[in-house]
Amino acid sequence: MVRSTAIWDPAQYLRFAGERLRPALDLLAQVPLDAPARVVDLGCGPGNVTAILRQRFPQADVVGVDGSAEMLAKARAAVPQCRFEQADFFGWQPAEPVDLIYSNAALHWVDRHAVLFPRLSSLLAPGGVLAAQMPDMYDTPLRRIPLELAATEPWAAYLSDVTSAPGILPAAEYWDLLRPHVGSLDLWRTTYMHALSGANAVTEWAAGSSLRPFLDRLPDERKQAFRQAYSDAARTHYPRRPDGTTLLPFHRLFMVARMAPG
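## A word on the overall build of the protein
Inference 1: A count of helical and extended segments in the protein gives 11 helices and 9 strands.
Inference 2: For 262 residues, the compact-globule formula gives about 18 Å, and the C-alpha radius of gyration of the protein, at 19 Å, lands near that figure.
Inference 3: Principal-axis analysis of the C-alpha atoms places the extent of the protein at approximately 60 × 40 × 40 Å.
Inference 4: Evaluated residue by residue, the protein yields a buried proportion of 52% over its 262 residues.
Inference 5: In the protein, 76% of the contacts between residues at least 6 apart in sequence involve partners at least 24 apart.
Inference 6: In the structure as shown, the protein presents an accessible area of about 11,700 Å², 52% of it carried by carbon and sulfur atoms.

Dropping the structure here:
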């Protein structure tokens, strides 16, 4: 399978900014730091959470890191008081140890977590914190439907080698990966019942994230038909409620790891 380096659509992603922001705030509330000097928003996207990190830690040097030039352009315009760097998660290297590596809904886009997470912990200063939140949705209709469509005609001709984000590891495996390297570790899982409005609401949600690799590989004249096929399949699993709302159960894994003090 080829993991698409999709050209992200910041405007589409931010259509559900409120729903996507709540887990970020829930994660930030558990960060046990009062005044970190060096803060990194890893996988910063369009910078909406980078701005919150800047507000929470006004004296810190806050840097956003992302692999998408489109997202970084949006972030630089939205948060000009912060610095931004384009890099992938495995290649990024801070100039000095970091007090807080914060990552909201980003690390699940890459695999090799057995390498990545110990690497990130090694970049922390004594007493530093790695705080991460990742969607845990791989085995749900939201994520299965585009893969099933991509395996059938007429879509297979364009999409047979495309996939979305890999599934994350079981929570216990993150414990085993991180606990030997850190002084303390907290893991928890939360299911958010996102109440979405409008027709084809689940498709609109997915179009800003997990559906992008598939849409970006299709010719323009095929995109709408694929979206409609996705909507038709999603409706069975995520029906509109009597009041018109569509409920999207969304599972997320959280972790806060803190290095031992120096």
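From this point, the narrative continues.
## Topic: the nonpolar core
Inference 1: If you look at the biggest cluster of nonpolar residues, it comprises 28 residues, and the most contacted ones within it are Leu42, Trp92, Leu107 and Phe117.
Inference 2: Excluding residues that lie within four positions of it along the chain, Leu42 makes contacts with Val65, Phe89, Trp92, Ile101, Tyr102, Ser103, Asn104, Ala106, Leu107 and Leu120.

## Structural notes on helix α11 (residues 220–237)
Inference 1: In this model, α11 (18 residues) spans 27 Å end to end at C-alpha, consistent with the 26 Å of a helix rising 1.5 Å per residue.
Inference 2: Of the residues making up α11, those classed as buried are Phe226, Arg227, Ala229, Tyr230, Ser231 and Ala234.
Inference 3: As for α11, its buried residues are in contact with α6 (141–150), α7 (156–159), α9 (201–207) and α10 (212–217).

## Some words on the pattern of salt bridges
Two side chains bearing opposite charge may form a pair once their charged atoms approach each other closely.
Inference 1: Within this structure, the stated rule accounts for 12 salt bridges.
Inference 2: A salt bridge links Glu85 to Arg83, with the shortest nitrogen-to-oxygen separation between them at 3.7 Å.
Inference 3: With a relative accessible area of 29%, Glu85 lands in the partly exposed category.
Inference 4: Taken together, the shared-partner salt bridges in this structure form one network comprising Arg38, Glu96 and Asp99.

## A look at the packing of aromatic side chains
Inference 1: Evaluation of the coordinates by the stated rule reveals 5 aromatic pairs.
Inference 2: Residues Phe117 and Tyr174 carry aromatic rings whose centres are separated by 5.0 Å and whose planes lie at 65 degrees to one another, so their mutual orientation is edge-to-face. Residue Phe117 is located in helix α5 (residues 113–122), and its partner Tyr174 is located in helix α8 (residues 171–178); the two are separated by 57 residues in the primary sequence.
Inference 3: Here Phe117 falls in the buried class, since its relative accessible area comes to 0%.
Inference 4: Each ring, one from Phe214 and one from Phe226, has its centre 6.4 Å from the other, and the planes form 20 degrees; the classification is stacked. In this pair, Phe214 sits in helix α10 while Phe226 sits in helix α11, placing the two residues 12 residues apart along the sequence. Of the two residues, Phe214 and Phe226, neither departs from the other in class, the shared state being buried.
Inference 5: Three or more aromatic residues link up through ring pairs in this structure, and these residues are Trp155, Phe214 and Phe226.

## A short note on the packing of α5 against α8
Inference 1: The geometry of α5 relative to α8 is characterised by a closest axis approach of 9 Å and an angle of 45 degrees between their N-to-C directions. Looking at the two axes, α5 sits oblique to α8. The two elements α5 and α8 cross, and the hand of that crossing is right-handed. Residues His113, Ala114, Phe117, Pro118 and Ser121 of α5 lie in contact with α8, whose contacting residues are Tyr174, Leu177 and Leu178.
Inference 2: Classifying every residue of the contact of α5 with α8 by side-chain character gives 6 nonpolar, 2 polar and no charged.

## Remarks on the pairing of strand β2 (residues 38–42)
Inference 1: Here β2 lies mainly inside the structure; 4 of its 5 residues are buried.
Inference 2: With 5 bridges connecting them, β2 and strand β3 (residues 61–66) associate as parallel partners. The partner of Asp41 across the bridge, within β3, is Gly64.
Inference 3: Of the crossover connections in this fold, the one passing from β2 over helix α3 (residues 48–56) to the parallel β3 is right-handed.
Inference 4: Of the pairings in the sheet, the one linking β2 to strand β5 (residues 98–104) comprises 3 bridges and is parallel in character. Paired with Val39 across the strands is Leu100, a residue of β5.

Quick notes on the rules
- Residues numbered from 1 in each chain as written.
- Predicted model: local features only at pLDDT ≥ 70, side-chain atom pairs only at ≥ 80, totals over all residues.
- Heavy atoms only, no water.
- Helix = DSSP H or I, 4+ residues; strand = E, 2+ residues; numbered from the N terminus.
- Rg over C-alpha atoms; globule rule 2.2 N^0.38 Å.
- Buried < 20%, exposed > 50% of the residue type's maximum accessible area, 1.4 Å probe, protein only.
- Contact = heavy atoms within 4.5 Å.
- Areas by Shrake-Rupley, 256 points an atom, 1.4 Å probe, with all protein chains shown as cover.
- Core = buried A, V, L, I, M, F, W, Y, C linked by side-chain atoms within 4.5 Å.
- Expected span 1.5 Å × (residues − 1).
- Salt bridge = Lys/Arg side-chain N within 4 Å of Asp/Glu carboxyl O.
- Phe/Tyr/Trp six-rings, centres within 6.5 Å; stacked < 30°, edge-to-face > 60°.
- Axes fitted to C-alpha atoms, helices over the stretch in contact; angles between N-to-C directions.
- Parallel < 35°, antiparallel > 145°, perpendicular 65-115°, else oblique.
- Left-handed = near helix turned anticlockwise from the far one by under 90°.
- Nonpolar A, V, L, I, M, F, W, Y, C, P; charged D, E, K, R; others polar.
- Pairing = 2+ DSSP bridges.
- Right-handed = clockwise from strand over helix to strand, strands pointing away.

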